[in-house]
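The primary structure of each chain is shown beneath.
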Amino acid sequence: MSEDGSASSSDSDSTTIDPVTLEIIRNSLASAAEEMGETLLRTAYSSVIREARDCSTALFGPEGGLVAQAEHIPMHLGSMPYALSENSELANDLEEDEILLFNDPYHGGQHIMDIIAFQPVFIDDERIGFAGSIAHHIDMGGGGAASLNPEVATTYGEGFRFRPLRLTTDTEAYDVFLDILATNVRASEYVIGDFKAQLSANRRGVERLREIATKYGTDIYATALNELDAYAERFMRSRLVSLPNATATGTETVEIDEPPAVAEADTTVHVEVTINHDDITVDFDGTASEVAGYINSPIASTYSAAYFAVLAAIGGSDLPVSSGIYRPIHIDIPEGTLVNPSEPTATRARMKTCCRVFDAVLQALAVIAPDIVPASAFNSTTPIVFAKQFDDTTEVFMDLPGGGWGGFAGGDGAPATTNPLENEMNIPVEAIEQDHPWLRVSEYQLRTDSGGIGEFRGGLGVRRVFEIVHGPVSGTGYTGRITNGSWGVRNGGPGVGATTECVRTADYHETLGTTWNIKLDTGDRVEVGMGGGGGYGDPANRDIVAIAQDVAADFVSFEAAQQNYGVEPSKLRDSLRIVLGTAYEAYADNRNWEG
C-alpha cells in the first residue's frame, strides 16, 4: 500500500481503456458504494444512523486509494483513506473474509463513537481492493449517555476504545468481541444491531467490487482505477491554477464554558493557506496547544475537515471521487496541538474543533478568492442527548438539529441544515416519538431573523423543543457559536448565535451554555435554538421583492426588514401586496394594519 493510499503503477499501465468503458466503470463503482450505504441505512437499528444517516461507505483500490464513496458524511469520508493507510501493515495481511476493526482516535480513527471496518476483496487470491464503512454508534460507554462527559481529560474516561484488530465473523473471537462490546455500552441492542449493519454493508461492497472487476477483467479494472486517479489529480490542479497565487490566514476560536480548566484555556485555531500554481498548502502552525478536555481533534479528523474545506470551496459540484483529488493539497499539523493531540487526550467532542478548522480554512480562502467562497454556515455540531434508564436497559436518543448555511454569490443560504462537515438528515418527529415514547417534540420551526443580513441572506436555524413525557431522564449536549455568530462575506452580516434553555415551570428558565448536563423530570422542556448562516454582500443591494418574500414567509420580521435593510414601511407593504396577491388583505388584517 502506498504512503498516501493512491493508485500505484503496475503492469496494467500498458493496458488501454476506451472512454466509454472508463465512464461505465466509474459509475458502477459509485453505484456500488451507494448500495453499500443504503444497505447500512436500511438494516441499522438506531435513528442516528437510520434517519440522520450518520454513517459512510466507500470502496478502495488494492493499494488503499479511494475509488468511490457514498455521498454521506464528509467528515467521515475525508479520513477513510488516511485510516486505511495508517493501518496498512494490518490491512495488507488481511485474508478473505477477515475484517479490520477499530475506533481508536490515535490509530487512524476519529472519536470512539465511530467504528471503522475494512474488508479486502480478492479474485483468484489477488487483492483487487477494499470495502469500508464508518458509523457513529449511539453509545460507547463511559461516564455519560452517548459517551458525552465534558469532565474527562483522557480517552480512558470516554468509553470503550479498541485499537485495530482482525476478526472473522464465524469465529469464537468474533463472538467474544460482540459480548465485550455489548457489556461496555448503553443501548447495546442498538449498538450491536448497527455494528452488524456495517458488516452487511461491507459484504455488499465486496460482492459488487468483485462483480465489476470480474466483468471487465482485472487488467482493465486496474487501468480504470489508475486513469480515474490521474484524472482526479488533473482536475484539482486545474482548479487551483485558476486562482491567484497568494497567502492568507484564518483564525477561529472554539467556544466552551465547562469545565473551568478548558474554559480558561486558549482554544484558538489558526491556519495559513498558500496557493502556489497548482498546489495548495494548509498550515496550522500557531494553533493552541491540546487541552485537558474532550474538544481535541485527532489528526484524522483535522485532515478531513481541512480537506473538505478546500474541496468544497474550490472543487465545485462536479468534483471527481478518487485519492488523486487530495494529492495537490498539503496539510501541516503540529503535534501536541488542539488539532493533533497526543495520546490519550480526550476527543469525544472533536467536532467542536473540526468545525472551527473548516471555517478557518474557508476564512483564509475567502480572502484569496471571495467570489467562490460563501459566508459561514452555522458550523457548530449540536448534539442533543436524552437517556432513560429502564430495569434491564438504557435507551439513548441523540438529535443533531440544523442551523442555517451562509449566503453566497447568487443565492441565499439553505435553512435548517446540519453543518457541511456532517451532512446529516433531519430525524422526523414521528420517528423520535415512536422509538422513544417518553420523549415528545412539542415545537419545531424556523427561527425568524436568525439568518445574517446581506444581498444574499444567510439561512435560518431551527427551534426545536423537547418535552419529557415520562421522567426521570438525563440530558446532555454541547454547541458553539453562542457568542460569535457565523461570519458574513463582502459586508454581509453575521448569523444569530445559538441558544439552549431548560424550562421546568412557567417561572423557571435556565439558560444553558456551550456544554450542559442536567437531570429532567416529567413536563420539563429543553428548548434549542440553532444559529443562522452569515450574509453575503451589502444588504443595501438586496432586492425589495426578495425582502418582501422573506417577510411574507416569516423568515424576516417586518421590523427587522425596516431596521436591517432600511426599507420604508410603505414600500415594503406595496411589495407585500405584489408578493401575496389576494392573500394580502388577510395578512394585513392579522397584523391589525390599516389601509
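Everything below is about the structure printed above this text.
Per chain, the residues get numbers from 1 upward, laid out in the order the sequence is written. For this predicted model, a pLDDT threshold of at least 70 governs which residues receive local features, and a threshold of 80 or more governs which side-chain atom pairs are given and counted, while totals over whole chains, interfaces and linings are taken from all residues. Each side-chain value is derived from all of the structure's non-hydrogen atoms; neither hydrogens nor water enter the calculation.

### Describing the overall build of the chain
Link 1 in the chain: Within the chain, the secondary structure is distributed over 16 helices and 19 strands.
Link 2 in the chain: The reference for a compact globule is 2.2 Å times residues^0.38; the radius of gyration itself is calculated from the C-alpha atoms. Against the 2.2 N^0.38 benchmark of 25 Å for 595 residues, the chain shows a C-alpha radius of gyration of 25 Å, consistent with a compact globule.
Link 3 in the chain: C-alpha atoms of the chain, sized along the principal axes, occupy 80 × 60 × 50 Å.
Link 4 in the chain: Partly exposed describes any residue whose relative accessible area lies between the buried limit of under 20% and the exposed limit of over 50%, with all areas from a 1.4 Å probe on protein chains only and scaled to the type maximum. By residue count, 58% of the 595 residues in the chain fall in the buried class.
Link 5 in the chain: Residue contacts are counted whenever heavy atoms from the two residues lie within 4.5 Å of one another. Put simply, 74% of the contacts in the chain that link residues at least 6 apart link residues at least 24 apart.
Link 6 in the chain: The Shrake-Rupley method, run with a 1.4 Å probe, gives the accessible areas here. Residue values count only the displayed protein chains as cover. Counting only carbon and sulfur atoms, one obtains 46% of the accessible surface of the chain, whose full area is about 22,600 Å².
Link 7 in the chain: Side chains of the chain carry 39 positive and 88 negative charges; the gap between the two charge centres is 5 Å. Each helix is a run of H or I in the DSSP string that is no shorter than four residues. Each strand is a run of E no shorter than two, and both are numbered from the N terminus. Note that His is not counted, nor are the chain ends; the positive residues are Lys and Arg, and the negative ones are Asp and Glu. In plain terms, the charge of a residue is placed at NZ if it is Lys, CZ if Arg, CG if Asp and CD if Glu.

### Details of the packing of aromatic side chains
Link 1 in the chain: Note on ring pairs: Phe, Tyr and Trp rings are taken, using the six-membered ring of Trp, and paired if centres are within 6.5 Å. Classes follow the plane angle, with under 30 degrees stacked, over 60 edge-to-face and the rest tilted. Following the criterion strictly, the structure yields 16 aromatic pairs and no others.
Link 2 in the chain: When the centroid spacing of 6.3 Å and the interplanar angle of 35° are considered together, the rings of Phe102 and Phe118 count as tilted. Residue Phe102 is located in strand E3 (residues 98-102), and its partner Phe118 is located in strand E4 (residues 114-123); the two are separated by 16 residues in the primary sequence. An identical accessibility class is assigned to Phe102 and Phe118; each is buried.
Link 3 in the chain: Residues Phe386 and Phe466 carry aromatic rings whose centres are separated by 5.3 Å and whose planes lie at 55° to one another, so their mutual orientation is tilted. Taken together, the positions of Phe386 in strand E11 (residues 384-389) and Phe466 in strand E14 (residues 462-468) put the pair 80 residues apart, joining distant regions of the chain. Neither Phe386 nor Phe466 differs from the other in exposure class; each is buried.
Link 4 in the chain: By the ring-pair criterion, three or more aromatic residues cluster together here, those being Tyr82, Tyr303, Tyr307 and Tyr326.
Link 5 in the chain: Think of it as a cone above the ring: NZ of Lys or CZ of Arg counts as a charge over the ring if it is within 6 Å of the ring centre and within 35 degrees of the ring normal. The ring centre of Tyr587 lies 3.6 Å from the NZ or CZ of Arg591, which sits over that ring.

### Digging into the sheet that holds strand E5 (residues 126-136)
Link 1 in the chain: Pairing is antiparallel across the open sheet formed by six strands, whose spatial order is E2-E1-E5-E4-E3-E6. Two strands in the sheet have a free side with no partner beyond their single neighbour: strand E2 (66-69) and strand E6 (165-168). The average angle at which neighbouring strand axes cross in this sheet is 25°, direction not considered.
Link 2 in the chain: The pairing criterion is simple: DSSP has to find at least two bridges between the two strands. Bridge analysis of E4 against E5 gives 10 bridges, and the strand direction is antiparallel. Among the inter-strand pairings, Ile116 is bridged to a residue of E5, identified as Ile134. Helix axes are fitted to C-alpha atoms over the stretch in contact, other axes to C-alpha atoms as well, and angles between N-to-C directions run from 0 to 180 degrees.

### Some details on the packing of helix H1 (residues 19-43) against helix H8 (residues 218-241)
Link 1 in the chain: At a closest axis distance of 10 Å, the pairing of H1 and H8 adopts a crossing angle of 85°. Considering their axes alone, H1 and H8 lie roughly perpendicular with respect to each other. Along the contact surface, H1 presents Thr21, Leu22, Ile25, Arg26 and Leu29, while H8 presents Ile220, Tyr221, Ala224, Leu225, Glu227 and Leu228.
Link 2 in the chain: Polar here means any residue other than Ala, Val, Leu, Ile, Met, Phe, Trp, Tyr, Cys and Pro, which are nonpolar, and Asp, Glu, Lys and Arg, which are charged; Gly is therefore polar. Of the residues contributing to the contact of H1 with H8, the split by class is eight nonpolar, one polar and two charged. Angular relationships are summarised with four words: roughly parallel below 35 degrees, roughly antiparallel beyond 145, roughly perpendicular across 65 to 115, and oblique for the angles in between.

### Regarding the pattern of salt bridges
Link 1 in the chain: Any carboxyl oxygen of Asp or Glu within 4 Å of a side-chain nitrogen of Lys or Arg constitutes a salt bridge here. A complete count under the given rule lists 40 salt bridges for this structure.
Link 2 in the chain: With a closest N to O distance of 3.2 Å, Arg237 and Asp279 form a salt bridge. Of the two residues, Arg237 is situated in helix H8 and Asp279 in strand E9 (residues 279-283); the sequence distance between them amounts to 42 residues.
Link 3 in the chain: Using a relative accessible area of 18% as the deciding quantity, one classes Arg237 as buried.
Link 4 in the chain: Within the structure, one salt-bridge network assembled from shared partners comprises Asp229, Glu233, Arg237, Asp278, Asp279 and Arg327.

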